[in-house]
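The lines below spell out each chain.
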Amino acid sequence: MASGQQWVLVEMVQAFYEAPAYHLILEGILILWIIRLLFSKTYKLHETYKLTEKEKEDLIEEWQPEPLVPPVSKDHPSLNYDVVSGPPRHKIIINGKECINFASFNFLGLLDNDRVKEKALASLKKYGVGTCGPRGFYGTFDVHLELESRLAKFMKTEEAIIYSYGFATIASAIPAYSKRGDIIFVDEAACFSIQKGLQASRSFIKYFKHNDMEDLERLLKEQELEDQKNPRKARVTRKFIVVEGLYINTADICPLPELVKLKYKYKVRIFLEESMSFGVLGEHGRGVTEHFGVNIDDIDLISSNMENAVASIGGFCCGRSFVIDHQRLSGQGYCFSASLPPMLASAAIEALNIMEEDPGIFTDLKEKCKHVHKALQGIPGLKLVGEPFAPALHLQLEKSSGSRDSDMQLLRTIVDSCLERQVALTLARYLEKEERFLPPPSIRVVVTVEQTEEDMEKAVHCIKEAASAALK
Amino acid sequence: MTESPATKPANGDVCQRVKNGLKPERNGLLKSLHRCHERQSKHHCHPEEEEVHAASHHDSLYSRPFVESFEETPMLVAVLTYMGYGILTIFGYLRDFLRHWKIERCHIAREKEEQKDFVPLYQDFENFYTRNLYMRIRDNWNRPICSVPGAKVDLMERASHDYNWTFEYTGRVVRDVINLGSYNYLGFAENFGPCADSAAEVTIKYGVGVASTRQEIGNLDRHEDMEKLVAKFLGVESAMAFGMGFATNSMNIPALTGKGCLILSDELNHASLVLGARLSGSTIRVFKHNNMQSLEKLLREAIVHGQPRTHRPWKKILIVVEGIYSMEGSIVRLPEVIALKKRYRAYLYLDEAHSIGALGPRGRGVVDYFGLDPRDVDVMMGTFTKSFGAAGGYIAGKRELIEYLRSHSHSAVYATSMSPPVVEQIITSMKCIMGEDGTTIGCDRVRQLAENTVYFRKRLREMGFIIYGNEDSPVVPMMLYMPAKIGAFGREMLKRDIGVVVVGFPATPIIESRARFCISAAHTKEMLDRALSVISEVGDLLQLKYSRHRIQPSMARPFDDNMYEDIDD
C-alpha cells in the first residue's frame, strides 16, 4: 500500500517536471484568478451596503410613523356605551330608563342576592378590598383556599384553581400545557378568550367545523397518519381538543359523549370551557358533563368564569390534581397577577352555597329557557339561534340586508325600540377584524330565573313588534 | 454605592452625571452646561444633548438626583452559588433515579391509568427544577393569610410532614407578622376608614358582580366616574379602566400595534407586557435593562434598516418600559427615554404598575417624580392593585387613544367589567391621595412612604447588605445569591415574625436570588426598626452582609445625607 502511494507521488512530481512551461504558467494564473474571484466579490458587496452617518441621519429624519391609533369616527357603533345607572340587576336603569334586564348573564339572579351581598360585606369588613399581591407573595387568603376546595367539591373533581379575571382563565390555562410544536384541535365557534389562549400557546392550531364530529375525526385521522410517518416526533407532540360547553357565540351545546370517545380513540386530551354552562346545565348545575352524564374525570380540564351564573368576578379551572396543579407555577394569569379580592371570593362561596342548597333553581332556569325559546320562534324576519335550554340566545336576521354594518344598524333599531318599551337587550359585540370566524350579527337574549312569565311575555311581545316595525 | 460598569454600562455614567443636578440653584446649571460643551466637542451626536441644551435655561435633564446602584456580585459568592446549584442538580438526578427505581417514595400526582399511553402532558425535564429545587423551599411562597394585607398581617400556620409535598393547616394563626411582602405602598389595604365604608355601601347597593361587558350592558355610571377621576389624577385627557392589571397589558398592546410594527421592550419587563407584545404579532426587540445606549442603538438601527428582509419602513415603533421594576427596584430613566422617543418619533408605553401612587411628591407616579409632562407619555398604564388597595388596571392618554380603545380593546368587548365595590375603593383612595376628601391623609402617606423608603434603604446599606435599585424606590431587593439562603432567609424571618418575599430563578438571573421588601406608608418607625434589627440578626446568622463598600464610605455619602434632608423638608 505505502509503496503504491509513494509511486503515485513520484509520478506526479515527474509529470510536473515534464509539463511544458506555458501550461504551468497558465494554470498558475487560473488559480490566482479563482482566489481573487472568491475574495473580492464579497468584500465589495459589504462596501456598497454600508450607510454613512449622514445617510443614516437623513433616513431617520425622513421616517414618518403612522399615528399610534387610527382616528375613530364619532358615530362608531361601539364608541358610545349605554350607561347603566345603579345596580345592573333584574330592573336595570339604562340611559335613564328603567327596564327589565334581558341582557346581563346573571342567569341565577345571584347578583342581587342579599345573602351574597352580606357575605361579601362581612369579608370586606375583615380583609378590606384589594389583596396587594399575587398568590405567591402573601396574596393567598384563607377564602381563596376555601373557594378552591368548595369548587372542587362542587364539581366533584380533585382540585380547582381560581383566577382573578374570567377572560384570563382559559387564556392562561391553554398555554400552560400546550407549547410550540403541540397540536390543538378547536371548534370554529370557540370564543375569543380561547382564541387568545391558542395564540399565546404558539401551538399548531387546527380548526374543525362547528360541532361537526366527522370533520374533527377527519383531522384526527390525518394527524394519525402524519404521526405514523414520524413516530419520534409524535411521541412528544401533545394533542388537545378545545371546546366550549355551551357556545357563547352560537348558544348550542358540544356533543361531549362523542368527543370523549374520540379522545380515547385518538389519545387526545379535552379542555372544556364552561362559562355559559356552569351553574346552568345539569341537575346540580355542574355543567355539560352532568347534562350528558359524562364522567368528569374523562375531561382533562374544565374552565369557567365566575362572572355569569355565580355573578361574582374571576374564573376557575378544575380537574385532576395531576393536571391542575401545573398551573400554579405555569398559569401566567395566576402567577403574575394580583389575586382575586377576598370579598369577591366570599361572594362566590355564598353563591355556591345557594346553588348547593337549592338545585331547583336549575330546573326553574331550564323551564324559563324553554319557554322563551318557544315564544321567540317564528318572528318574521328574525331567526332564533340556540338550544332550548341555553340561557343566552341569539336573534339573527333571517336574511342579511347586504352589509354587516347595515345589519347591525337594523338590529340596533330593534334593541333601541325595546329599550324604549322597557326591555333591556343588547347586541352581541365582537371585534370584527380580530375574530377568527366572525359570527353573524345578532341580538343577545338572556334568560334569568328572576324573569317572571309576565316579563317574558312582555319581552317577546316587544321584540316582535319592534322587529316587524324595523323589518318592514 | 458603586455600580458594576461591566454589566450595566449606562448606570455609572448617568449616575455620575445626574448627581450634578442635586443642587440646581448652585451648580447644576453650570455643570450641565459644562457637560454639554464637553460632549458636543465630540463628533458623535447624542439626542439627549439637544434635550439638555434646550432645557439648560432652567435645569438639566434630571430635575432630581438619580442614584441607582447594582453592586457587583463578589467573585467568591458567585462561585459558591454556582457550586450550590451544581450540588442541588446532582442530588436532583440522584433522587430522580431513586424515584424511578421506586427506592424513594414519589409524591408527584400521577396520570390516571387510562391515559398512561397518551403523549405525556409534561416533559420530564420540565419539572426537574420544580421537583428537586423548588419543592425544598416551597414553604416560603403562597403563605396563606387571614387578615387585611396591611402593615401587620395574620398568617395561617401550616406544617408539612413530607418535605413540602403537602401542607397541613394546624389551625393556629401566627398573629401580627410585620408585612414586608405586600404591595401596599400607601397603606390603603384597610378594612376600616372612609374607603372601606364607601365600598361597603356600594356592596349593599350594587352587589359585587356586573355579569356583562362594558360594550354590552356592563357600563355602570361609577365606571365612567372613576375613569374621569383617573384622567384627572394623571393629568391627561382621558382614561379607561380594566378588571385585571395583567390583562390591561396583555389585552391592550395588541390593540395598539400589529404586524409591521416594532416593539422595543426592556429586558426585565413584566410577563404581562411580554405576553401582550407577543399577542400583538409585532416584531419585538429587547434592549438592556434601563440602558439608554442600547435603546438608542436599536432605535437607530430599526429606522435605518426598516423591517427585516423586506426593508420596508416600520409602521410605528413602541417603546415599552416600566416605572419601577419590581425585581430590580430600579426606576426607569424616563427623561432620557422621552428625549429618545421624541428624537426618533417613537411612541412610549409606560407601565406604572408599581410606581403609581408610590413615587413623586404628589403620588402621581414616575412622571411626577421626574417633574415631567404626562402628555409626553403616549400610553400611561398602571394598576389599582398596589397603591390603591383595589384591583384592576388603567390606560390613560390622549382622547383619541382612549376612544380607540373603547371601541377596540379586547377587554372592553369580551371581558366582564369591574366589580362596583372595587371601583368605589379606587375612587375613594384616589380622591384621598389627591386631597379631594378635604384631608391631608393622602399627602401625608405619600410623604411617609418616601421617608420610610429612604430610611430603610439607608439602614440596610449601612449594615452591609447588597441592595439593588434606586434610592427612592419602595421596592427594595436585597441580595441573597445562594439557593440555600433563599429558603433559610424566608424561614428565619418568619420565625421572628417578619413576612418577606424571597425570589430565585426563574424570576431572577440564576445567581441573583434575592429577598424583596416592599415598604409601605403604613409601616411605623418602630416596625421598620424591628424589621431592620431582625434582618441584621438573620443577616449575621446567614452571612448575608456581602457588600464590600461599607468599610470605606464611598464618594456618594455626603450626597446621600443631602438627599434625606431634601426629602425631610
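The structure displayed is predicted, hence computed values, not measured ones.

The next point concerns the overall build of chain B. The secondary structure content of chain B amounts to 19 helices and 15 strands. For chain B, buried positions account for 65% of its 569 residues. A separation threshold of at least 6 residues defines the contact pool for chain B, and within that pool the share at least 24 residues apart is 72%.

Bringing the side chain of A:His326 into the picture now. Its location among the elements puts A:His326 in the loop between helix H13 (321–324) and helix H14 (327–330). By relative accessible area, A:His326 is classed as buried at 11%.

Summed over the entire model, instances satisfying the criterion amount to 29 aromatic pairs over all chains. Relative to B:Tyr468, the ring of B:Phe70 lies with its centre 5.1 Å away and its plane at 70°, an arrangement referred to as edge-to-face. With B:Phe70 in the loop between strand S1 (68–69) and helix H4 (75–100) and B:Tyr468 in the loop between helix H16 (441–463) and strand S11 (469–470), the pair connects residues that are 398 residues apart, well separated along the chain. Classification of B:Tyr468 by relative accessible area gives buried; the value is 2%. A connected cluster of aromatic rings, assembled from ring pairs, spans A:Tyr177, A:Phe240, A:Phe271, A:Phe322 and B:Tyr122. Lying over the aromatic face of B:Tyr344, B:Arg343 brings its terminal NZ or CZ to 4.8 Å of the ring centre. When the ring centre of A:Tyr81 is taken as reference, the NZ or CZ atom of B:Arg406 above it lies at 4.2 Å.

Residue and element names in this part refer to chain A. Here the domain parsing of chain A yields domain 1 (82–105 + 359–471) and domain 2 (114–357). One C-alpha centre belongs to domain 1, the other to domain 2, and the line joining them spans 27 Å. Listed by partner, the interface residues are 22 residues for domain 1 and 26 residues for domain 2. Here domain 1 packs against domain 2, burying approximately 2100 Å² in sum over the two surfaces, 63% of which is carbon and sulfur. For the pair domain 1 and domain 2, the interface holds zero salt bridges. Taken together, the connections running from domain 1 to domain 2 amount to five residue pairs in polar contact (both at pLDDT 80 or more). Among the elements of the structure, helix H17 (360–375) and strand S12 (392–397) are those that each provide at least two residues to the side of domain 1 that touches domain 2. Residue composition of the side of domain 1 that touches domain 2, grouped by class: 14 nonpolar, two polar and six charged.

Residue and element names in this part refer to chain A. The N-to-C vectors of helix H6 (residues 142–155) and helix H16 (residues 342–357) enclose an angle of 30°; their axes lie 9 Å apart at closest approach. Considered as vectors, H6 and H16 are oriented roughly parallel to each other. The chirality of how H6 crosses H16 is left-handed. In contact with Val 143, His 144, Glu 146, Leu 147, Arg 150, Leu 151 and Phe 154 of H6, H16 contributes Pro 342, Ala 345, Ser 346, Ala 348, Ile 349, Leu 352, Asn 353, Met 355 and Glu 356.

Here the focus is the nonpolar core. Of all hydrophobic cores here, the largest spans 275 residues; its most connected members are B:Leu460, B:Phe489 and B:Phe517. The element that contributes the greatest number of residues to this core is H16(A), accounting for 10 residues. Structurally, this core is a two-domain feature, drawing no fewer than three residues from each of domain 1 (82–105 + 359–471) and domain 2 (114–357) of chain A. Those residues in contact with B:Leu460 that sit more than four places away from it in its chain are B:Phe465, B:Ile467, B:Val476, B:Met478, B:Phe517, B:Leu532 and B:Ile535. Of all hydrophobic cores here, the second largest spans 25 residues; its members include A:Val72, B:Met240, B:Leu256 and B:Val320.

All names here are of chain A. If you walk across this open sheet you meet the seven strands as S4-S10-S9-S8-S7-S5-S6, and the pairing is mixed. Only two strands of the sheet have a single partner each, and these edge strands are strand S4 (159–163) and strand S6 (204–208). The sheet shows a mean angle of 20° between the axes of neighbouring strands, taken without regard to direction. Note that strand S5 (residues 183–187) and S6 share five bridges and pair parallel. Of the residues in S6, the one forming a bridge with Val 186 is Tyr 207. Of the strands in this sheet, S4, strand S9 (301–305) and strand S10 (315–319) touch H6, which is tilted by about 130° from S4. Contacts from helix H8 (residues 192–201) reach S5, S6, strand S7 (239–244) and strand S8 (269–273) within the one sheet, and its direction differs from that of S5 by about 165°.

Moving on, we come to helix H13 (residues 399–408) of chain B. Residues and elements named next belong to chain B. Along H13, seven of the 10 residues are buried, which leaves the element largely enclosed by surrounding structure. When H13 is considered as a whole, its buried residues turn out to be Leu 401, Ile 402, Glu 403, Tyr 404, Leu 405, Arg 406 and Ser 407. Along its buried surface, H13 packs onto helix H7 (221–234), strand S4 (238–242), helix H8 (245–256), strand S9 (379–383), strand S10 (393–397) and helix H14 (410–414).

Our next topic: the sheet that holds strand S12 (residues 475–481) of chain B. All names here are of chain B. On the basis of which strands lie adjacent, the open sheet formed by three strands has the order S12-S15-S14 and antiparallel pairing. A strand with exactly one partner marks an edge of an open sheet, and here the two such strands are S12 and strand S14 (501–503). Averaged over all adjacent pairs, the angle separating strand axes in this sheet is 25°, with direction ignored. Strand direction decides the pairing type here: S12 and strand S15 (residues 513–518), joined by six bridges, are antiparallel. From the neighbouring strand, Pro 477 faces S15, where its bridge partner is Arg 516. Strands in contact with H16 are S12 and S15; relative to S12, the strand with the most contacts, it is inclined by about 20°.

Okay, the pattern of salt bridges next. Enumeration according to the criterion identifies 70 salt bridges over all chains in this entry. The closest approach of N and O atoms between A:Asp82 and A:Arg412, which form a salt bridge, is 3.4 Å. Of the two residues, A:Asp82 is situated in the loop between helix H3 (53–62) and strand S1 (84–85) and A:Arg412 in helix H18 (residues 404–420); the sequence distance between them amounts to 330 residues. Accessibility classification places A:Asp82 together with A:Arg412 in one group, the buried group. With its nearest N and O atoms 3.1 Å apart, the salt bridge here joins B:Glu512 to B:Arg514. Of the two residues, B:Glu512 and B:Arg514, neither departs from the other in class, the shared state being buried. Here the salt bridges do not stand alone but share partners, grouping A:Glu53, A:Lys56, A:Glu57, A:Glu61, B:Arg300, B:Arg343 and B:Arg345 into one network.

Turning our attention to the interface of chain A and chain B. At the interface, 114 residues of chain A touch 116 residues of chain B. For the pair chain A and chain B, the summed buried area comes to about 10200 Å², and 63% of that belongs to carbon and sulfur atoms. A per-residue breakdown of the area chain A buries against chain B is headed by A:Trp63, A:Tyr81 and A:Tyr138, which together make up 10% of the total. Put simply, B:Lys112 and A:Asp298 hold a salt bridge, and the shortest N to O gap is 3.2 Å. Inspection of the chain A/chain B interface yields 48 residue pairs in polar contact (both at pLDDT 80 or more). Here the side of chain A that touches chain B takes seven residues from helix H4 (residues 114–127) of chain A, the largest share from any one element.

About the criteria used
Residues numbered from 1 in each chain as written. Chains lettered and ligands numbered in written order. Predicted model: local features only at pLDDT ≥ 70, side-chain atom pairs only at ≥ 80, totals over all residues. Heavy atoms only, no water. Helix = DSSP H or I, 4+ residues; strand = E, 2+ residues; numbered from the N terminus. Buried < 20%, exposed > 50% of the residue type's maximum accessible area, 1.4 Å probe, protein only. Contact = heavy atoms within 4.5 Å. Phe/Tyr/Trp six-rings, centres within 6.5 Å; stacked < 30°, edge-to-face > 60°. Lys NZ or Arg CZ within 6 Å of the ring centre and 35° of its normal. Domains from an automatic or database assignment. Buried area = accessible area lost by both parts, 1.4 Å probe. Salt bridge = Lys/Arg side-chain N within 4 Å of Asp/Glu carboxyl O. Polar contact = N/O pair within 3.5 Å; in protein donor to acceptor, adjacent residues only side chain to side chain. Nonpolar A, V, L, I, M, F, W, Y, C, P; charged D, E, K, R; others polar. Axes fitted to C-alpha atoms, helices over the stretch in contact; angles between N-to-C directions. Parallel < 35°, antiparallel > 145°, perpendicular 65-115°, else oblique. Left-handed = near helix turned anticlockwise from the far one by under 90°. Core = buried A, V, L, I, M, F, W, Y, C linked by side-chain atoms within 4.5 Å. Pairing = 2+ DSSP bridges.

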